[in-house]
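An overview of the molecular structure
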Amino acid sequence: MKNYFVNLQLHQIESIILRKIMLRTLVAVALVAPVLCYAQSSATLSGGIVAGYRFTPSKSDGTLSKNAIDNLEAAGSNLTFRAVEDLGSGYKVNIVLNHRFDPTTGAQTGATYFTNSKIGLSGGFGEVSMGKMWGPVDDLLRRVLDVYMPLGLGVTVYGGPFDAPTRYNGTLMYLSPEVNGFKMSAAVVSKDNMQSKKQNTVELAGLYKQGAFKLGLGYTKNAGNVASAADNFKDRDVLTVGARYDFDKLNVGLTLSKVSAPGKLNDSERYSLGARYPLSNELALKFGYEHLDVNHGDKSNTFALGGEYRLSKRTMLFSEVGRVKSDIVSKDEKGYTFMVGIAHRF
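Residues numbered from 1 in each chain as written. Predicted model: local features only at pLDDT ≥ 70, side-chain atom pairs only at ≥ 80, totals over all residues. Heavy atoms only, no water.

For the rest of this paragraph, the subject is the overall build of the chain. What the chain contains, in helices and strands, is 3 helices and 17 strands. Pairs at least 24 residues apart make up 52% of the contacts formed inside the chain by residues separated by at least 6 positions. Carbon and sulfur atoms make up 62% of the accessible area of the chain, which amounts to about 18800 Å² in all. (Helix = DSSP H or I, 4+ residues; strand = E, 2+ residues; numbered from the N terminus. Contact = heavy atoms within 4.5 Å. Areas by Shrake-Rupley, 256 points an atom, 1.4 Å probe, with all protein chains shown as cover.)

Listed in full, the 8 residues of the largest apolar core are Val137, Leu140, Leu141, Val144, Leu145, Leu175, Ala205 and Leu207. Looking at this core, the elements that each hand over two or more residues are α2 (136-145) and β9 (201-210). No other element matches the 5 residues that α2 contributes to this core. Listed in part, the 6 residues of the second largest apolar core include Leu72, Phe318, Met339 and Ala343. (Core = buried A, V, L, I, M, F, W, Y, C linked by side-chain atoms within 4.5 Å. Buried < 20%, exposed > 50% of the residue type's maximum accessible area, 1.4 Å probe, protein only.)

Moving on, we come to the environment of Tyr277. Structurally, Tyr277 can be placed in strand β13 (residues 268-278). Given a relative accessible area of 37%, Tyr277 falls into the partly exposed group. Apart from the residues within four sequence positions on either side, Tyr277 is in contact with Lys249, Leu250, Ala284 and Leu285.

So, about the pairing of strand β7 (residues 171-175). Where a strand is regular, its side chains alternate between the two sheet faces. Burial along β7 is one-sided: Thr171, Met173 and Leu175 are buried, while Leu172 and Tyr174, pointing the other way, are not. Two elements, strand β6 (residues 126-132) and β7, share 5 bridges in a ladder whose sense is antiparallel. The residue bridging Glu127 from the neighbouring strand is Leu175, located in β7. Pairing between β7 and strand β8 (residues 182-189): 5 bridges, direction antiparallel. (Pairing = 2+ DSSP bridges.)

Inspection of the entire model under this criterion finds 5 aromatic pairs. Note on Tyr53 and Phe338: the rings are 6.5 Å apart at their centroids and 55 degrees apart in plane angle, and the pair reads as tilted. You can see Tyr53 sitting in strand β1 (residues 40-56) and its partner Phe338 sitting in strand β17 (residues 337-345), a full 285 residues away along the chain. Under the relative-accessibility criterion, Tyr53 is labelled partly exposed at 30%. Both rings, one in Tyr91 and one in Phe125, keep their centres 6.3 Å apart while their planes meet at 35 degrees; by these two values the pair is tilted. (Phe/Tyr/Trp six-rings, centres within 6.5 Å; stacked < 30°, edge-to-face > 60°.)

With 84% of its residues at a pLDDT of 70 or more, the chain shows a mean pLDDT of 84. In the predicted structure, residues 2-8 sits below a pLDDT of 50 and forms 0 contacts with residues beyond four places in sequence or in another chain. (pLDDT = per-residue confidence, 0-100.)

The tally for this structure, following the rule as stated, stands at 16 salt bridges. Linking Asp70 and Arg54 is a salt bridge whose minimum nitrogen-to-oxygen distance equals 2.8 Å. Taken together, the residues span a long stretch of sequence, with Asp70 in strand β2 (residues 66-71) and Arg54 in strand β1 at a distance of 16 residues. Between Asp293 and Lys299 there is a salt bridge whose closest N-O contact spans 3.9 Å. Lys299 sits in the partly exposed class, given a relative accessible area of 34%. (Salt bridge = Lys/Arg side-chain N within 4 Å of Asp/Glu carboxyl O.)

Here we take up unusual backbone geometry. The residue Ser89 is not glycine, and still its phi comes out positive at about 60 degrees. Of note in this structure, Lys197 is not a glycine but carries a positive phi near 55 degrees. Mapped onto the secondary structure, Lys197 falls in the loop between β8 and β9.

The residue Ala261 is located in the loop between β12 (251-260) and β13 in this model. Given the relative accessible area of 13%, Ala261 is considered buried. Spatially, the C-alpha atom of Ala261 lies 4.4 Å from that of Arg236, the residues being 25 residues apart in sequence. Contacts of Ala261, omitting those with residues within four sequence positions, involve Asp235, Arg236, Asn266 and Asp267.

On to α2. In terms of burial, α2 is a largely internal element, 8 of the 10 residues being buried. For α2, the set of buried residues is Pro136, Val137, Asp138, Leu140, Leu141, Arg142, Val144 and Leu145.

A few words on the side chain of Thr171. When you line up the elements, Thr171 lands in strand β7. For Thr171, a relative accessible area of 2% gives the class buried. A distance of 3.0 Å separates a polar side-chain atom of Thr171 from the backbone oxygen of Tyr168. (Polar contact = N/O pair within 3.5 Å; in protein donor to acceptor, adjacent residues only side chain to side chain.)

Bridge count between β1 and strand β3 (residues 78-88): 9 bridges; the pairing is antiparallel. If you follow Ser41 over to β3, its bridge partner there is Glu85. The pairing of β1 with β17 spans 8 bridges and is classified as antiparallel. Looking across to β17, one finds that Arg54 is bridged to Met339. In this structure, β1 lies alongside β2, joined through 6 bridges in antiparallel fashion. Pairing of Gly52 across the sheet is with Asp70, part of β2.

Okay, structure coming up:
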């Protein structure tokens, strides 16, 4: 009987201790839970490196040919830091820091350490971002309409975004959610972020997808004339229209970019045609053609043919050949540009 009471008392003591432990645990969880809900974040490092052999012919203006191991894609060799914090209720904070470098020298490419840098808030409404980034025409349209995707050939076979660059300091951009196949984006850069401080830059773009068909439309008001422009030009307006259709295997894209400016020297029309045909899961062929008419007189024609062979999901061998024939001596090439290289993404 004595042992029975001893065991009963021990059991009661164990139950009391267990209840206290559970109570303390529940209190700790209750205190920490709100913090966990609002502190779910992730950070990733990605990037790539692209290098290989390139031969660039001499040009009509006297520019000498080049024959060397080279950086074959300006944006391909990079380190990109991304961070996402889940705020709950479908809201997230998104951060991107993109650093580009030349793999043959180790030096950064461009005047700034981070070529693209932004912070944005996203949710069911879409995303609002601030920083230095490509504008809607490039960000929304190019990645869908450009089926050629050149790897630094030195020639342009998809010129729409390059006619309307809005990768300026102090960009404010909105990207909508996709509704019934339609998505739009808008960006504005204050004149106070420009060197001249004379006028704002505004850019709009819309993309519609219906099965194998994609249609894009973009408009830039007071555009700059180079990538990462430090300034813009009053009434240099750019209209970009593009379409893409994906057949059973063949992908075809067509783009028109029209620049209207108060000075005749800045007017231009650019037509770009691209095609991509996969021969297998590893091997694909691509073709690009572009016609550029500047000042309603000086014309340039660009041809490019390339091939890509994937060694793995992240590593690819590629080769491209192309030529620019132009009335503009600084563009006219006396021979063919040729390149062969390797690209790795991580």
